Amino acid sequence: MAVPSVESLRVSEIKDPGVLFERYNTDEIRQIERKVRGEIEQKKEELRQMVGERYRDLIDAADTIREMRQCSESVVQSIQDMNLYGQKLKQGKNNAQTVSKQESQWQWQEKFYTMASQIKLLLEIPERIWSAMEASQYLQATQLYLLCCHLHSLLQLESAIGQHYSPVLARFPILVRQVATAGHFRSAILLDSKSLLRGRAVSDQAIAEALVSTMLLEDSSPRQALADFLLARKASIHQLLNQPQHGAGIKAQVCSLVELLVTTLFQAYAVFYLPPDSSPKLGEGALSCGMLFSTLESVTSTGKGRRVLQEEMSTGSVFKYLPSSISEFQPALRTLAQPIQREQLRDTLQQWIDMCKEDICRGVSSLLVYVKSLKALAAIRDAVWELLSTDSISQHWNTICQHLLERPLPVWDDFLQQLFLQRLQAITKEETEAISAVSTQLLTSALKDLEEQTIQSPPPSSGATYNRGAQYEADVASFLWSEAPGDLLADSAWVSVAQREHQHQQCSGLAMKTQALTPCVQSFCSSLDSKLRARLEDLQHYLPSQDKGSDTNSITVSNSGPAKGPTTSAFDRFKDAAAVEETLRMDCLACISHILSFIRSELAVGSPDPAPGAARLSAVLFVARLCQSMGELCPNLRQCILGKEGKSEPVAKGTPRQGRKLGKAKAALEVSPAQAKWASLKEELFACSMEAYRIWSAALSKVLADKFATELHAESAGAILKTATNWEELEIQEEAESGSSVTSKIRLPVQPSWFVQSLLFQLCLEVNRVGGHALPRPTLQELLKACLDQALHHYQALVQHVHNKDCALPMTQNRALQLLFDLRYLSSTLGTRLEEGKSSRSHQDPRVQQVCDWLESFIDPFDLDVFTPPLNVYLNRLSQRTSVLLGLLAGTEKQFVPRSSSVGSQEPYNILPLASSQIRFGLLPLSMSNLRKAKSATRGADTTRPLRF
């Protein structure tokens, strides 16, 4: 398309300036600009010429129009004057009649205006009523409704029945609909007013106005208004209790219930209570009261109250034509509103509180079922405490309760405390029952694993099905001599024993091995302790912390200035702390009692068996160790039972004997019930442990004694020779009758028979296999006594057998010597341990002496006198030699005897250096108290002494 030249381009064709810059160069664009500016100036000049030429014509036209208007107005005025003059001429004769007619016309017009203003007000009232109801101004809506009813009666609108309509309705049909609409206002206002009474976040003035509205509409008394108010609040309580909210919403529901209850009494005081005439005037910070009667008086009293149409009449609108009965309208009650007597108010409120108490207790109990932890329960309690401790409630609550009820009303104590305590008891019982159920399941599983492991007995390399924990239960020695990464604590290299806490020492693997506590026992106690710790941690939320203590109801006043925060405590949150601790204590005792009952039932199942198998004995020993160590490995069990006393008890320092003395002295002075229950539980655990150990010791002694009896009652010469051991030949010098010295040789036993050694060695193996160093001392003594009793029983059976001459071989002197040596060695090894201030002869079984006398009867008396001294020496030497070998059977007090008489002996012996403290070769060191005693007893002696044997 060809581009037009600059000369032929017209200004009207320029639409987009950007196109010019695309088509033309700079000079051409400047030429176009000059052309456009020239045309602009030309148009301006044409406009000036046109206005100058037409302006004179416009002025002439305006003057002509003004003259025409003046002329027409003068013509109209002349015609009106002529008309008036003609009318005056016609009405000159009837002047009096005309005046009377005008007066009647004005009266009719005034009536019309009055009627019109009433109809106008009647048409506006429904809209005003709806606006007032939307703004929750139910008293204003009630006044307007009553005014509407008054208008109906004045206009005779209510007489329209059937086909007979009033004259006003006949002339104004729109009022028919207004009359029908006004009939629904009463029920709507009553419904909304009563629904307002249910709200807890409603002001006192709004409550009073809603009650006055109800009284005006129903023509009721203040007592009926009080009943309506309390029934509405009772319905609100039911609505709160029936809300489908659980979990986190329960706290909000309970707090809403408490707030509604407290707010109801506050508003009952503010609305219905009238102080007696003789009461002193309230201060500035006091609450207002009697608002129902003051509001009712301001609405109904003539001359004093505020009129319904006071604002409309002041505006000077069409409503100035309203009659005085409407402009001065005020509602009125048919009966006089008498104030409520204090006794009636008190009785009515007390009856309402009693009814609500039943509903609240039943509803809150059903809500608290969904609370599953004490932490959540404590959170709800603390929320209620914070609500009741606010200044707006706590400052006036006691005063209001005293005026209304003539007594204090502790909301928490009367309504909720017992419910929360019952729920706490239920939660604690459920949790402890679950702990006991899980613990019994763990015990059942552990006992089953022990039986299966003992029956299968797989080697360590058998595969993944091998249970090392069950093997450790069957053979504790393998656990004691095994090494594990947790034997020593990680900080043992740089933290001294004195700085390390007792609990950390107990947690080390080496500490567990010193007490022969196997992994199964540790695992069970750890599981039980962790569950009890969880219970304790959950319970601590409901108990006062150690730093802040329990709340009190006393008022705290600061000397330096006003106190910050709530100055009073609504109630003591931790008043039932003792009952809470007692609940946990009793439930934990019941839990442990259930576990012990299960353990006793398991022990009773195997107790009738005279010779239980190895699997059964492993389970019995596991139970014994478990009961023995449960009190130590479960520190939280002690804390659950002792409660606050468990934390406040000081740790006893010093030697164990000093600690026991201090403990006995303190117990003698004062023993609390919790400490007594803890001591009783420990005794019950110890008794159950001893019962299990008794089953094991009885079974073990019977098995070993049966093997011992088989060898003892051997009747063949080969069997007797098979059990014989080493005899030594001893030269003795005797003086003949002639006075010369005679040397003779005698042979005496220096070792017990093989079956005696086997009995003692097997017994030592079994004791060490189950961790003999951790066995209770009474159990070990009972085991040794049972073995000795069984041996003596079989020796007596042998005596009876020989007396009856049923023995195939006669009792020779050498056999009697060997049996005598065996019996005295057994008696010295298995006999009762020596005690301070008592000799061994006072503890010797008389049966031992009887059997010894019977065996000595088979030895020549002269030979017996010669044999007795060296035989005693051999017995002492054998006891020294086997003291280390037999270990726990001999005991520390029987391993070392005075050796001063044997220092100068010429008998061949070995020398074994021992420390001056006479420490035996045991697996564990002796206590420091024994070391101190030994050092004090051997002070001044040589560092090492030879042991001869």
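Since the structure is predicted, the reported quantities are computational estimates derived from the model, not experimental observations. (Residues numbered from 1 in each chain as written. Predicted model: local features only at pLDDT ≥ 70, side-chain atom pairs only at ≥ 80, totals over all residues. Heavy atoms only, no water.)

Peer 1: I tried to follow the packing of helix α8 (residues 204–218) against helix α11 (residues 291–300) on my own but got confused; where do I start?
Peer 2: Describing two packed helices takes the angle between their axes plus the distance from one axis to the other. Look at α8 against α11: their axes get within 9 Å of each other, and the N-to-C directions meet at 55 degrees. Regarding the angle of α8 to α11, the classification is oblique. For the crossing formed where α8 meets α11, the hand is right-handed. Two secondary-structure elements touch here, α8 through D204, Q205, A208, E209, L211, V212, M215 and L216 and α11 through M291, L292, T295, L296, V299 and T300. Here the contact of α8 with α11 is composed, by residue class, of nine nonpolar, three polar and two charged. (Axes fitted to C-alpha atoms, helices over the stretch in contact; angles between N-to-C directions. Helix = DSSP H or I, 4+ residues; strand = E, 2+ residues; numbered from the N terminus. Parallel < 35°, antiparallel > 145°, perpendicular 65-115°, else oblique. Left-handed = near helix turned anticlockwise from the far one by under 90°. Contact = heavy atoms within 4.5 Å. Nonpolar A, V, L, I, M, F, W, Y, C, P; charged D, E, K, R; others polar.)

Peer 1: Help me understand the environment of M215, please; the structure alone is not making it clear to me.
Peer 2: Positionally, M215 belongs in helix α8. Along the sequence, M215 and A225 sit 10 residues apart, while their C-alpha atoms lie 6.8 Å from each other. If near-sequence neighbours (up to four positions away) are discounted, M215 is found in contact with S220, S221, P222, A225, L292, L296, L333 and A337.

Peer 1: Just to check I follow, could you spell out the packing of aromatic side chains for this structure?
Peer 2: For any pair of aromatic rings, the description consists of the separation of the ring centres together with the inter-plane angle of the planes. Applying the stated rule across the entire model yields nine aromatic pairs. For the pair F229 and F272, a centre-to-centre distance of 5.9 Å together with 45 degrees between the ring planes defines the contact as tilted. Placement of F229 in helix α9 (residues 222–241) and of F272 in helix α10 (residues 249–272) is noted, with a sequence separation of 43 residues between them. Here F272 falls in the buried class, since its relative accessible area comes to 1%. (Phe/Tyr/Trp six-rings, centres within 6.5 Å; stacked < 30°, edge-to-face > 60°. Buried < 20%, exposed > 50% of the residue type's maximum accessible area, 1.4 Å probe, protein only.)

Peer 1: Could you clarify how one ought to interpret the packing of α10 against α11 in this entry?
Peer 2: Interhelical geometry of α10 versus α11 gives an angle of 40 degrees and a closest axis separation of 4 Å. If you check the angle between α10 and α11, you find them oblique. Here A270, V271 and F272 of α10 come into contact with α11, specifically with M291, L292 and F293. For the contact of α10 with α11, the residue count by class is six nonpolar, no polar and no charged.

Peer 1: Mind showing me how you'd approach α8 here?
Peer 2: In an α-helix, one turn spans 3.6 residues, which is why side chains three or four residues apart end up on the same side. Over its 15 residues, α8 runs 21 Å from end to end, which matches the ideal 21 Å to within 8%, given 1.5 Å per residue. Of all 15 residues in α8, 11 are buried, a share of seventy percent or more. Every buried residue of α8 is listed here: A206, I207, A208, A210, L211, V212, S213, T214, M215, L216 and L217. Looking at the packing, one finds that the buried side of α8 touches α4 (138–154), α7 (185–196), α9, α10 and α11. One or two steps after α8, the chain reaches D219, where phi turns positive at roughly 55 degrees. (Expected span 1.5 Å × (residues − 1).)

Peer 1: So what exactly am I meant to see when it comes to unusual backbone geometry here?
Peer 2: What you tend to see is this: most non-glycine residues have negative phi, and most peptide bonds are trans. A positive phi angle is found at S136, which is not glycine, with a value near 60 degrees. Overall, the relative accessible area of 38% leaves S136 in the partly exposed class. Positive phi outside glycine occurs at E406, with the angle close to 60 degrees. For E406, the location among the structural elements is in the loop between α17 (397–404) and α18 (411–456). Of the residues examined, E406 reaches a relative accessible area of 37% and is grouped as partly exposed.

Peer 1: It is not clear to me how the nonpolar core should be interpreted in this structure. Could you clarify?
Peer 2: Across soluble globular proteins, nonpolar side chains have a tendency to be buried as a group. Core analysis: the biggest nonpolar cluster contains 213 residues, and F272, L404, L416, W696 and L763 have the highest contact counts within it. Among the elements that make up this core, the one with the highest residue count is α10 (15 residues). Among residues more than four places away in sequence, those in contact with L404 are L265, A268, Y269, Y273, L345, R346 and L349. (Core = buried A, V, L, I, M, F, W, Y, C linked by side-chain atoms within 4.5 Å.)

Peer 1: Even after reading the chapter, I still don't get a negative patch on the surface, so can you show me in this structure?
Peer 2: On the surface, a cluster of negative charge is made up of D57, D60, D63 and E67. Mapped onto the elements of the fold, D63 is located in helix α2 (residues 26–91). For D63, a relative accessible area of 34% puts it in the partly exposed group. (Patch = residues over 30% accessible without salt bridge, like charges linked within 9 Å, V, L, I, M, F, W, Y side chains within 5 Å. Areas by Shrake-Rupley, 256 points an atom, 1.4 Å probe, with all protein chains shown as cover. Salt bridge = Lys/Arg side-chain N within 4 Å of Asp/Glu carboxyl O. Lys, Arg positive; Asp, Glu negative; His and termini not counted. Charge placed at Lys NZ, Arg CZ, Asp CG, Glu CD.)

Peer 1: What exactly am I supposed to notice about the pattern of salt bridges here?
Peer 2: Opposite charge on two side chains allows them to pair when their charged atoms are near. Tallied over the full model, the rule gives 22 salt bridges. With a shortest N-O distance of 3.2 Å, D359 and K234 are connected by a salt bridge. With D359 in helix α14 (residues 342–368) and K234 in helix α9, this pair connects stretches of sequence that are 125 residues apart. Taken individually, D359 and K234 each receive the classification buried, so the pair is uniform in this respect. Of the charged contacts in the structure, one is a salt bridge between R362 and D359, with a shortest N-O distance of 2.7 Å.

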